[in-house]
Amino acid sequence: MLGVFVRSTLRSGLVKPGLRVRPVTRIPQRSLVHQEGLPQLPVPPLKQTCERYLAALEPIVSKEELEHTRELVEDFLKGGVGERLQSGLERRARKTDNWLSEWWMQTAYLDCRMPVAVYTSPGVVLPRMHFQDRQGQMRFAAKLIAGVLDFKRMIDTDSLPVEYLSGKPLCMDQYYRILSSCRVPGPKRDTVVNHTVGKPPLTHITVVHNFQFFVLDVSNSDGTLLTVDQLYMQLEKIWNSSLQTNKEPVGILTSQHRNTWGKAYNTLIKGGRGCGPPSHRPSLTQLYSSSDKTNKESVRSIQKSIFTVCLDAPMPRVSNELYLSRVAAQVLHGGGARWNSGNRWFDKTLQFIVGEDGTCGLLYEHAPAEGPPIVFLIDYVVKFIRQRAEEVRSPMVPLAAPQKLRFNVTPQVKRDIEKAKQNMNIMVHDLDVKVLTFSHFGREVPKQHKMSPDGFVQTALQLAYFRMYRSCCSTYESASLRMFKYGRTDAIRSTTVDSLNFVQGMEDPSKQNPERLALLQRTIQTHKEMTYNAIHGQAIDRHFLGLKMLSIEDLTSMPEVFMDTSFAVAQHYNLFTSQVGSRTDCVMCVGPMVPDGYGVCYNPMDEHVNIAVTAFNSCEDTNAAKFAQAVEDALLDMRALLEDTIPAEQ
Ligand code: COA
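What counts and what doesn't
Residues numbered from 1 in each chain as written. Predicted model: local features only at pLDDT ≥ 70, side-chain atom pairs only at ≥ 80, totals over all residues. Heavy atoms only, no water. Helix = DSSP H or I, 4+ residues; strand = E, 2+ residues; numbered from the N terminus. Buried < 20%, exposed > 50% of the residue type's maximum accessible area, 1.4 Å probe, protein only. Contact = heavy atoms within 4.5 Å. Areas by Shrake-Rupley, 256 points an atom, 1.4 Å probe, with all protein chains shown as cover. Pairing = 2+ DSSP bridges. Axes fitted to C-alpha atoms, helices over the stretch in contact; angles between N-to-C directions. Patch = residues over 30% accessible without salt bridge, like charges linked within 9 Å, V, L, I, M, F, W, Y side chains within 5 Å. Salt bridge = Lys/Arg side-chain N within 4 Å of Asp/Glu carboxyl O. Lys, Arg positive; Asp, Glu negative; His and termini not counted. Charge placed at Lys NZ, Arg CZ, Asp CG, Glu CD. Core = buried A, V, L, I, M, F, W, Y, C linked by side-chain atoms within 4.5 Å. Domains from an automatic or database assignment. Polar contact = N/O pair within 3.5 Å; in protein donor to acceptor, adjacent residues only side chain to side chain. Left-handed = near helix turned anticlockwise from the far one by under 90°. Nonpolar A, V, L, I, M, F, W, Y, C, P; charged D, E, K, R; others polar. Phe/Tyr/Trp six-rings, centres within 6.5 Å; stacked < 30°, edge-to-face > 60°. Lys NZ or Arg CZ within 6 Å of the ring centre and 35° of its normal. Expected span 1.5 Å × (residues − 1). pLDDT = per-residue confidence, 0-100.

1. Here's the deal with the overall build of the protein
Helix and strand content of the protein: 21 helices and 18 strands. Burial analysis of the protein (650 residues in total) assigns 61% to the buried set. Sequence separation of at least 24 residues holds for 77% of the intrachain contacts in the protein that already meet a minimum separation of 6. Summing over all exposed atoms, the protein offers an accessible surface of approximately 26200 Å²; the carbon and sulfur share of this is 53%.

Printed below as a string of structure tokens:
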């Protein structure tokens, strides 16, 4: 989802040619056959992309800027540079499984130096659970763990059903990357390690409570998985061995800026000197003592675990109206150093959050996968939990207590933790979140009016933005490229000349409703065509990224078309949006992509729409609650327009 590409490419260095980032994962035979049958991501025709780019600029840049860019595009097309880069890209496409995936993984994620917390890791807000004490929390967590392990069994036994989009089978590769995987910080670039190939297979998860991490082995000595009751007993033991609340929150280190965390990581696992004054540096004895080995093994245990469960402390109570927004914030950052931010390992690909107060959600590190496989997993686990509501108790075999992971906190590590706490608290104060349950109607209404629900919501976002700012902005909507082998995402640029005409029409008192309706229908039709183009590999953004990356690799000067004001405006996504649909009544949430923008995720259900809006408090011009209200008003006005002008088809 995240096109952190803008942030990362602006701030990062070059990508080394030929660098292989795709970690080895064990994909079973049947899935391999499916994978091999998938088409390769095409390289779109250069002229088509350039024309689409100019069309996308029209509503967001001035006439003069557009004219200037038109000239640059012409030079690019006719001067030979574009053609040369295009041929290079086509060559790369012939030689690789997917010309884009490695570049995308690097530029969008691994090179990005911003903290993963808030900036790149999406959260999922699940409905409030009906427990309010620790027994309820443990029971729920035990079922959840059993559910995820049951899902893992589908992956391991190669029985995961293939997904489809618009009737076409999708690449399932991401499912093999979300378990037993973890991001590892590097001084300039991170990596993602995947431990699914290990022998013997990994059988532990990590559980964190009161900032203390535990290894929980989820299989019996005969290889069978622990039952829900056994898991519950093990969680109880974890709880009872982590009652102290004065422990150093080592996990909060993972929330830092990646360079900072990269240095702190070395200090933590190697007992390195870090950058403190000499008096604060560890002595040689400390350096070569077992301390680094202990820390290293603890870190490795977390990294290698199948996933992490965060048993969170209760958060301050809020009104029902604010509850889901509070959960979204807790999921994204933990609420701050004095709450649950230290109860995380932000690098871990999958972290399930279960609070004592009924809070339930998930946080995932974005590099290995997009939202849809994650919510597919959630749908499966939620169904599993419901079916296990009345499970018969199984006989108890005594099990060894889960192992607590020890950390030696040297003075330098402690200083790193203090710094991380401060920075986390700044991030917490800066993030503005509003989760809206739009309860007036869901995707059935646009469908009855023969309109795409996704296009309908996207158009409402356009109207809301225009009403608040009297202008429109560059908008990013994630589109799946999983029809192609190793496909990730491209962008649908939802701001179009048609959407501008519609929002202006809605605000123009001289316009009549039939005319506005025609503008709405046209906008949604255009959006549908752009969606079709994007999911079929014919959008603009990734093609341009490929051309840019080639020119960096070739060490030729960057074509001017990628350096002008229009390009910067086009890449500055004030609206960074994504639909992640699910059967579960949940919503994904992400931070904004730019300092003065909004992150908007939505899940259109049949009768209502869940919408999560984020912004930064440090920007005076944005306000998540106001924007959410504007979206609600826009959706209602658009329905009124439909009902006023055409009867719905039942
Ligand atoms: N009339 C009646 N029904 C219509 C319609 C019309 N004109 N247009 C669409 N519909 C129906 C569809 O048939 C579909 O029906 P279904 O629910 O029975 O399957 C439903 O409305 C939804 O379609 P639509 O709203 O158009 O969107 P979509 O489900 O095709 O999703 C994207 C569009 C862009 C979100 C999707 O293609 C995609 O790429 N998803 C992945 C996003 C992603 O990866 N995000 C990453 C997050 S990290």
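2. Details of the sheet that holds strand β12 (residues 431–438)
Read across the sheet, 6 strands follow the order β12-β18-β17-β15-β13-β14 without closing on themselves; strand pairing throughout is mixed. The sheet is open, and its two edges are formed by β12 and β14 (489–492), each paired on a single side. Sheet twist, expressed as the average angle between the axes of neighbouring strands with direction ignored, equals 20°. Pairing geometry for strand β17 (residues 598–604) and strand β18 (residues 609–616), over 6 bridges, is antiparallel. In the sheet register, Asn603 faces β18, and the bridge partner there is Asn610. Along the sheet, helix α16 (residues 453–469) contacts β13 (474–480), β15 (573–579) and β17; its crossing angle with β17, the most-contacted strand, is approximately 145°. Along the sheet, helix α19 (residues 541–553) makes contact with β13, β14 and β15, crossing β14 at roughly 120°.

3. Remarks on a positive patch on the surface
Taken together, the side chains of Lys270, Lys296, Arg300 and Lys304 make up a positively charged region of the molecular surface. No other element matches the 3 residues that helix α11 (residues 291–304) contributes to the positive patch. Look at Lys296 and you get partly exposed, because its relative accessible area is 37%.

4. Here's the deal with the sheet that holds strand β11 (residues 403–404)
Sheet architecture is open: 8 strands sit in the order β11-β7-β6-β8-β9-β10-β1-β16, paired in mixed fashion. Sheet topology places β11 and β16 (587–589) at the edges, where each strand pairs with a single neighbour. Relative to strand β7 (residues 212–217), strand β6 (residues 204–209) is paired through 6 bridges, and the arrangement is antiparallel. The residue bridging Thr206 from the neighbouring strand is Val215, located in β7. Running at roughly 155° to strand β9 (residues 350–355), helix α7 (residues 134–156) makes contact with β6, β7, β8 (308–312), β9 and β10 (360–364) of the sheet.

5. Brief notes about the nonpolar core
Counting 110 residues, the largest nonpolar core has Tyr53, Ile145, Ile205, Leu216, Leu235, Phe307 and Leu350 as the members making the most contacts within it. If you count residues domain by domain, this core takes at least three from each of domain 1 (25–43 + 95–111 + 439–645) and domain 2 (123–164 + 179–431). If we skip the residues at most four places from it in the chain, Ile205 touches Ile145, Phe214, Val215, Leu216, Val218, Ser305, Ile306, Phe307 and Val309. Residues Tyr265, Leu268, Ala329 and Trp345 belong to the second largest nonpolar core, which totals 49 residues.

6. So, the pairing of strand β5 (residues 191–194)
The side chains of a regular strand alternate between both faces of the sheet. Only one face of β5 is covered, namely the one carrying Val192 and Asn194; the face carrying Thr191 and Val193 has none of its residues buried. Looking at chain direction, strand β4 (residues 181–184) and β5 are connected through 4 bridges and run antiparallel. Bridged to Val184 within β5 is Thr191. Adjacent in sequence and paired antiparallel, β4 and β5 are bridged by 6 residues.

7. Notes on the side chain of Thr308
Relative to the helices and strands, Thr308 resides in strand β8. Among the polar contacts listed, one links the side chain of Thr308 to the side chain of Thr206, at a separation of 2.8 Å. If near-sequence neighbours (up to four positions away) are discounted, Thr308 is found in contact with Thr206, Val208, Lys348, Leu350, Gln351 and Phe352.

8. A closer look at the packing of helix α3 (residues 46–57) against α19
To describe two helices that pack against each other, one gives the angle between their axes and the distance between the axes. With their axes 10 Å apart at the nearest point, α3 and α19 run at an angle of 115° to one another. Here α3 runs over α19; the crossing is left-handed. Seen from α3, the contacting residues are Leu46, Thr49 and Tyr53; seen from α19, they are His543, Phe544 and Leu547. Along the lines of polarity and charge, the residues of the contact of α3 with α19 split into 4 nonpolar, 2 polar and no charged.

9. So, the packing of aromatic side chains
In this structure the tally under the stated criterion is 24 aromatic pairs. Ring plane angle 40° and centroid distance 6.1 Å describe the contact between Phe151 and Tyr175, whose orientation is recorded as tilted. Of the two residues, Phe151 sits in helix α7 while Tyr175 sits in the loop between β3 (168–169) and β4, which places them 24 residues apart along the sequence. Exposure remark for Tyr175: the relative accessible area of 1% places this residue in the buried category. Taken together, a centroid distance of 5.3 Å and an interplanar angle of 85° make the contact between Trp261 and Tyr265 edge-to-face. Remark: Tyr265 and Trp261 occur in helix α9 (residues 258–270); sequence separation between them is 4 residues, near one turn of the helix. Its relative accessible area of 0% is what places Trp261 among the buried residues. Among the aromatic side chains, those forming a connected cluster through ring pairs are Tyr53, Phe76, Phe544, Phe562 and Phe567. Between Arg128 and the ring centre of Tyr323, over which it is positioned, the NZ or CZ distance is 3.8 Å. Lying across the ring of Trp104, Arg542 places its NZ or CZ 3.7 Å from the centre.

10. Overview of the pattern of salt bridges
Summed over the entire model, instances satisfying the criterion amount to 34 salt bridges. The salt bridge involving Arg70 is made with Glu67; its shortest N-O contact spans 3.3 Å. Taken together, the residues span about one helical turn, with Arg70 and Glu67 both in helix α4 (residues 63–78) at a distance of 3 residues. Overall, Glu67 belongs to the partly exposed group, its relative accessible area being 40%. Asp111 serves as the salt-bridge partner of Arg189, at 2.7 Å between the closest nitrogen and oxygen. Within this pair, whereas Arg189 is found in the loop between β4 and β5, its partner Asp111 is found in the loop between α6 (101–110) and β1 (123–125), the two being separated by 78 residues in sequence. Judged by its relative accessible area of 21%, Arg189 is partly exposed. Connected via shared salt-bridge partners are Arg113, Arg183, Asp190, Arg258, Asp347 and Glu365.

11. Describing helix α21 (residues 624–645)
In this model α21 runs 32 Å from its N-terminal to its C-terminal C-alpha over 22 residues, within 8% of the 32 Å that 1.5 Å per residue would give. The set of residues buried in α21 consists of Ala624, Phe627, Ala628, Ala630, Val631, Glu632, Ala634, Leu635, Met638, Leu641 and Leu642. Among the residues of α21, the N-terminal cap falls to Asn623, whose side-chain oxygen and the backbone nitrogen of Ala625 are separated by 3.1 Å.

12. Remarks on the confidence of the model for the protein
In this model, the protein carries a mean pLDDT of 90, and residues with pLDDT of at least 70 account for 90%. Low pLDDT, under 50, characterises residues 1–24; the stretch is placed with 87 contacts to residues that sit more than four places away or in other chains. This model gives residues 273–282 a pLDDT under 50, and the stretch forms 16 contacts once residues within four places in sequence are excluded.

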